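Summary of the model geometry
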Protein chains: 2
Amino acid sequence: MGKGLTSRNEDYSQWYNELVVKADLAENSAVRGCMVIKPYGYAIWEKMQAVLDKMFKDTGHSNAYFPLFIPKSFFSKEASHVDGFAKECAVVTHYRLRNREDGKGIEVDPNAKLEEELIVRPTSETIIWNTYKNWIQSYRDLPILVNQWANVVRWEMRTRLFLRTAEFLWQEGHTAHATREEALEETKQMIDVYKEFAENYIAVPVIQGTKSDSERFAGALETFTIEALMQDGKALQSGTSHFLGQNFAKAFDVKFSNKEGKLDYVWASSWGVSTRLMGALIMAHSDDQGLVLPPKLAPIQVVIVPIYKGEDQLATVSEKAEQLKKELEAKGISVKYDNRDTQKPGFKFAEWELKGVPVRVTMGMRDLENGTIEIARRDTFEKKTIELTENTAEYIETLLDTIQNNIFKKALDFRTEKTTKVDSYEEFKTVLEEKGGFILAHWDGTEETEEKIKAETKATIRCIPLDAPEENGVCMVTGKPSSKRVLFAKAY
Amino acid sequence: MGKGLTSRNEDYSQWYNELVVKADLAENSAVRGCMVIKPYGYAIWEKMQAVLDKMFKDTGHSNAYFPLFIPKSFFSKEASHVDGFAKECAVVTHYRLRNREDGKGIEVDPNAKLEEELIVRPTSETIIWNTYKNWIQSYRDLPILVNQWANVVRWEMRTRLFLRTAEFLWQEGHTAHATREEALEETKQMIDVYKEFAENYIAVPVIQGTKSDSERFAGALETFTIEALMQDGKALQSGTSHFLGQNFAKAFDVKFSNKEGKLDYVWASSWGVSTRLMGALIMAHSDDQGLVLPPKLAPIQVVIVPIYKGEDQLATVSEKAEQLKKELEAKGISVKYDNRDTQKPGFKFAEWELKGVPVRVTMGMRDLENGTIEIARRDTFEKKTIELTENTAEYIETLLDTIQNNIFKKALDFRTEKTTKVDSYEEFKTVLEEKGGFILAHWDGTEETEEKIKAETKATIRCIPLDAPEENGVCMVTGKPSSKRVLFAKAY
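Residues numbered from 1 in each chain as written. Chains lettered and ligands numbered in written order. Predicted model: local features only at pLDDT ≥ 70, side-chain atom pairs only at ≥ 80, totals over all residues.

Describing the overall build of chain A
The line we're drawing: Helix and strand labels come from DSSP, where a helix needs a run of H or I of at least four residues and a strand needs a run of E of at least two; each type is numbered from the N terminus. Here the globule rule is a power law, 2.2 Å times the number of residues to the power 0.38, and the radius of gyration is based on C-alpha atoms. Exposed residues have 12 or fewer other C-beta atoms within 10 Å of their own C-beta, buried residues have 20 or more, and residues in between are partly exposed; the C-beta atoms are placed from the backbone. For every residue pair, C-beta atoms are placed from the backbone, and the pair is scored as a contact if these atoms sit within 7 Å.
Summing up its helical and strand segments, chain A has 14 helices and 26 strands in all. For 492 residues, the compact-globule formula gives about 23 Å, and the C-alpha radius of gyration of chain A, at 26 Å, lands near that figure. Each principal axis of the C-alpha distribution contributes one length, and for chain A these read about 80 × 70 × 55 Å. Scored against the burial criterion, the 492 residues of chain A give a buried share of 47%. The long-range share in chain A, meaning contacts at least 24 apart out of those at least 6 apart in sequence, stands at 68%.

Okay, structure coming up:
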């Protein structure tokens, strides 16, 4: 185990692809672009879901469920939305198959053609706003604070496990408000929730900002984003929150009577994160030995590996191991006691390293005679022999926190080191080529310049950072005036 | 609120349809046959999911996720499966839309036709067994105990909210085993899990049994079912667990080397429950005033309604109410304090009755002066004035258990009363017509007789009960010998 993994230096992209498969997270399916999320990978996603779901509920949201299918005509109702989403998508045209006359399998029944084609949802603004129309009459019906956990489909031509797949899992929040201010406040609140989740759970620091016109969500007035930096110096957009203004309310004619009894269109936000976060988690921390999982999202936080010869020794070790397991579990820590007799310890070490278990406890006969155990950290590979006492569980609990903080700090230091301010387009190209990472530079605010930079360097504006200080400067390309630096990077 | 509801006697079917919508559980969407599950309904489904998910994990299962789409050809691989599932389904034929030349909206791009059509999964045996092929080489890879929470689509012509919808939510377990015995054991274990869930959580008694040949899952050797009785005397199949033998392993060529090193096909089970359980929950207990929710699955278990005049009184009542709320929440009880000033108490009473909240606490100024509160049970409408003391939270906690047990007992008594043994076909028809419910009768075991009964009476064999005693008898229709009674009913 672990041995066959291509190193990051050798081929970062290959390293990622291999790691996802070898660590049993996901694999490609028989359906082009659709993945199978394996139990170990899904267990991480479930932990992410549980934390996010609680954060959504703590901020007043409820879950609901809307149809998988959207009538084709709905996409034409919001002018900019149709170009963004109704193109590369899965189209249902028929509702029945029949046996072939020649007896060779089945075929689409031409008599079962739908009057109007249905699109497998790429995102649900249209069907949801069509529904909200019936839910909203007066300001008393507002706000609506709803989230949906669902699968969506976007027919991507080039796919990569977790990062870009035809079908993916996500949550999409869709809220309706009486005022512009409240909708905008909600939009910002949710990008804050995403930042908190990314940093405190995935242990990945993110830059919050707004998207430029060209990168904005199709149908939004403003898109807020969190941008993370991966170890290869490329950015990963990790979550977005959109201020939709009254665009969807107008498209679906959703009006409400306000406190003054006057009719107005409803204000909206939508926001989402997806299984793409799995990609962020994998790429931000892992190394050439395999996954490095943040303890808060690790399905197995501690693995105990016994070292023994024969049944008797195993029984002795197992007793101590099971006791420690119980003590750890009492603290809410998830523990695997790996007492398989089909594998040697070395194999197990490599396997759990590959799978990113934060803490490994080794228990051998000699250790137990000395009253000690060996503890190995996945993040630093540091090993330490400690006494096995009633405080051991607490020691490990603290160690898990230490690891969580350490990998965040490591990712933050990396990002700091890989963030460069540049003042000329030449320097920009050199840094991009030789160092990579985030680049802060002045831009004149036009789509033309953005396009030119993208065409010439493949770098895009990741966001206009919320915390960018006002600073007089000139666009590195055109020399036109600019009041703040924006964040550039090559991106996934 | 509550007033507009058609009574059960008047029109049971109409009562159900109205109740689902008026209680804010679900509604029809703009897409034929697909429903919107509203926040209140979804909150119940989430509670069901949480309990079931824990039961699955406690019995050793993990969750995973498989693709939404299945290549058409996969359905032809298991001979009986194709007839059962590959007929009425949503077929994806294209992967792109384009703008129409006349500028009037969008149309399917004929250049983006898929080489092989994709079917939106009606159930996932085929895609999963195609995947398991790569996961299984040796007996060491077994068992595989996987569950998936997912949406599925079956193109039903006549749909009803929760009971029969084109898209529905469910879980589907798919397990792989080295031996026939183990797979069968798993199949039985899961129908036991379903029975426990139905009876202890939904508070609906169920009959466990096996399906007759004609009602068996397409591709199974044996289908186990749990059958519940609704208040209109019709049965609702509430969960099934299938022993698949080696059928799917053979169809997808999934072999493993056993301990003796010999190759054999893998043994399988699959099992599922769906949002149909919401239909069971609604229909089994509710009355002409609205929903009656079992406390264990109620999103709001206790509602507190203040009676007051003016801000000062409200402040006084609120203090006591918030304190009780806190005490109840400390016991894990979910509480809504309904202090809306836009509605009168009578309106609130009717609304929470309609929504099935098990316990209502009324707090008025006069009560508080006397140191009492009024407690109303949703299941019996019984009202009681009790002293408000430090034991009140415990009193309510016990009351919730009492209600849970009472509605189960009520449903059980109803079923007992509505279960009839008959010995002649004439009696069968009379009972079916005049009394309805479950009928236990002898049957000769042939498909012909089953068909005849169905054609003439619309009753079907719900199951061959697992606990049916051996009993010599003769088929009520043909007079041929029969060794046990089977369970008949009209069914949803």
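A look at the sheet that holds strand β26 (residues 485–489) of chain B
All names here are of chain B. Applied cut-off: For two strands to count as paired, DSSP must find a minimum of two bridges between them.
Spatial ordering of the open sheet is given by β3-β8-β9-β15-β12-β11-β10-β23-β26-β22-β21, a layout of 11 strands whose pairing is mixed. With one partner strand each, in any of the chains shown, β3 (62–63) and β21 (419–421) form the two edges of the open sheet. Where strand β10 (residues 206–210) lies against strand β23 (residues 460–465), two bridges are found, and the strand directions are antiparallel. Within β23, the position partnered with Thr 210 by the bridge is Ile 464.

Section: the nonpolar core
To keep it simple, the criterion reads: Each nonpolar core comprises buried Ala, Val, Leu, Ile, Met, Phe, Trp, Tyr and Cys residues, the members being joined through C-beta atoms within 7 Å.
In this structure, A:Ile202, A:Ala228, B:Ile202 and B:Ala228 are the most contacted members of the largest nonpolar core, which totals 296 residues. Among the elements that make up this core, the one with the highest residue count is helix α6 (residues 180–202) of chain B (nine residues). If sequence neighbours within four positions are ignored, A:Ala228 has contacts with A:Ala198, A:Val204, A:Val206, A:Ala235, A:Leu236, A:Ser238, A:Ala280 and A:Ala284.

Details of the interface of chain B and chain A
Each side of the interface is counted separately: chain B has 54 residues, and chain A has 54 residues. At 10 residues, the largest contribution of residues to the side of chain B that touches chain A is made by strand β5 (residues 88–99) of chain B. As paired strands, strand β5 (residues 88–99) of chain A and β5(B) are joined by five bridges and run antiparallel to one another. Within β5(B), the position partnered with A:Val92 by the bridge is B:Val92.

Side note on the relation of the copies chain B and chain A
Which entries qualify depends on this criterion: The least-squares superposition of copies is restricted to C-alpha atoms, and to residues with a pLDDT of at least 70 in both copies.
With an RMSD of 0.0 Å, chain B superimposes on chain A once it is rotated by 180° and translated 0.0 Å along the axis. Taken together, the rotation and translation relating the two chain copies correspond to the operation of a two-fold axis. In terms of proximity to the rotation axis, the leading residue of chain B is B:Val92, whose C-alpha is 2.1 Å off the axis. When the interface residues of chain B are mapped onto chain A, 100% of them again fall at the interface, so both copies present the same face.

Regarding the environment of B:Ala459
As for its placement among the helices and strands, B:Ala459 is situated in the loop between α14 (447–457) and β23. Spatially, the C-alpha atoms of B:Ala459 and B:Lys326 are 51 Å apart, while their sequence positions differ by 133 residues.

Here's the deal with the pairing of strand β15 (residues 267–274) of chain A
Residues and elements named next belong to chain A. Counting buried residues in β15 gives eight out of eight residues, a clear majority hidden from the surface. On β15, burial covers both faces: Trp 267, Ser 269, Trp 271 and Val 273 on one face and Ala 268, Ser 270, Gly 272 and Ser 274 on the other are all buried. Two elements, strand β9 (residues 167–177) and β15, share eight bridges in a ladder whose sense is antiparallel. Among the inter-strand pairings, Ala 176 is bridged to a residue of β15, identified as Ala 268. With five bridges joining them, strand β12 (residues 235–245) and β15 adopt antiparallel strand pairing. Looking at β15, one finds that Gly 245 is bridged to Ala 268.

Considerations on helix α2 (residues 39–58) of chain A
Which entries qualify depends on this criterion: Helices are assigned an expected span. That span is 1.5 Å times one less than the residue count.
Here α2(A) contains 20 residues, and its C-alpha end-to-end distance of 28 Å stays within 8% of the 28 Å for a straight helix at 1.5 Å per residue. Immediately beyond the C-terminal end of α2(A), within one or two residues, lies A:Gly60, with a positive phi of roughly 90°.

Quick word on the sheet that holds strand β16 (residues 302–307) of chain A
Residues and elements named next belong to chain A. Note the following rule: For every element, the axis is a line fit to its C-alpha atoms; helices are fit only across the contacting stretch, and the angle between N-to-C directions ranges from 0 to 180 degrees.
Strand order in this open sheet of five strands is β17-β16-β18-β19-β20, and the pairing throughout is mixed. Only two strands of the sheet have a single partner each, and these edge strands are β17 (335–337) and β20 (383–387). The sheet shows a mean angle of 25° between the axes of neighbouring strands, taken without regard to direction. Relative to strand β19 (residues 372–377), strand β18 (residues 359–364) runs antiparallel, the two sharing four bridges. The residue bridging Val 361 from the neighbouring strand is Ile 375, located in β19. Along the sheet, helix α9 (residues 310–330) makes contact with β16, β17 and β18, crossing β16 at roughly 170°.

Some points on the domain arrangement of chain A
Residues and elements named next belong to chain A. This is how it is decided: Segmentation of the chain into domains, including their bounds, is taken from an automatic or database domain assignment. Gly is put with the polar residues, along with every residue not named as nonpolar or charged; the nonpolar set is Ala, Val, Leu, Ile, Met, Phe, Trp, Tyr, Cys and Pro, and the charged set is Asp, Glu, Lys and Arg.
Segmentation of chain A into domains returns domain 1 (12–285), domain 2 (300–401) and domain 3 (419–489). Using C-alpha coordinates to define each centre, domain 1 is positioned 29 Å away from domain 3. Between domain 1 and domain 3, the contact holds 16 residues from the first and 14 residues from the second. When contributions to the side of domain 1 that touches domain 3 are tallied by element, the ones reaching two or more residues are β10 (206–210) and β11 (222–229). Element by element, the count of residues in the side of domain 1 that touches domain 3 is highest for β10, at four residues. For the side of domain 1 that touches domain 3, a count of residues per class yields three nonpolar, seven polar and six charged.

Some thoughts on the pairing of β26(B)
Residue and element names in this part refer to chain B. With respect to burial, β26 is a largely interior element, five of its five residues being buried. Burial along β26 is two-sided: Arg 485, Leu 487 and Ala 489 facing one way and Val 486 and Phe 488 facing the other are all buried. Where strand β22 (residues 438–442) and β26 come together, four bridges link them in antiparallel fashion. Opposite His 442, over in β26, you have Arg 485 as the bridge partner. Where β23 meets β26, three bridges bridge the pair, whose relative direction is antiparallel. Across the sheet, the residue bridging to Thr 460 is Ala 489, located in β26.

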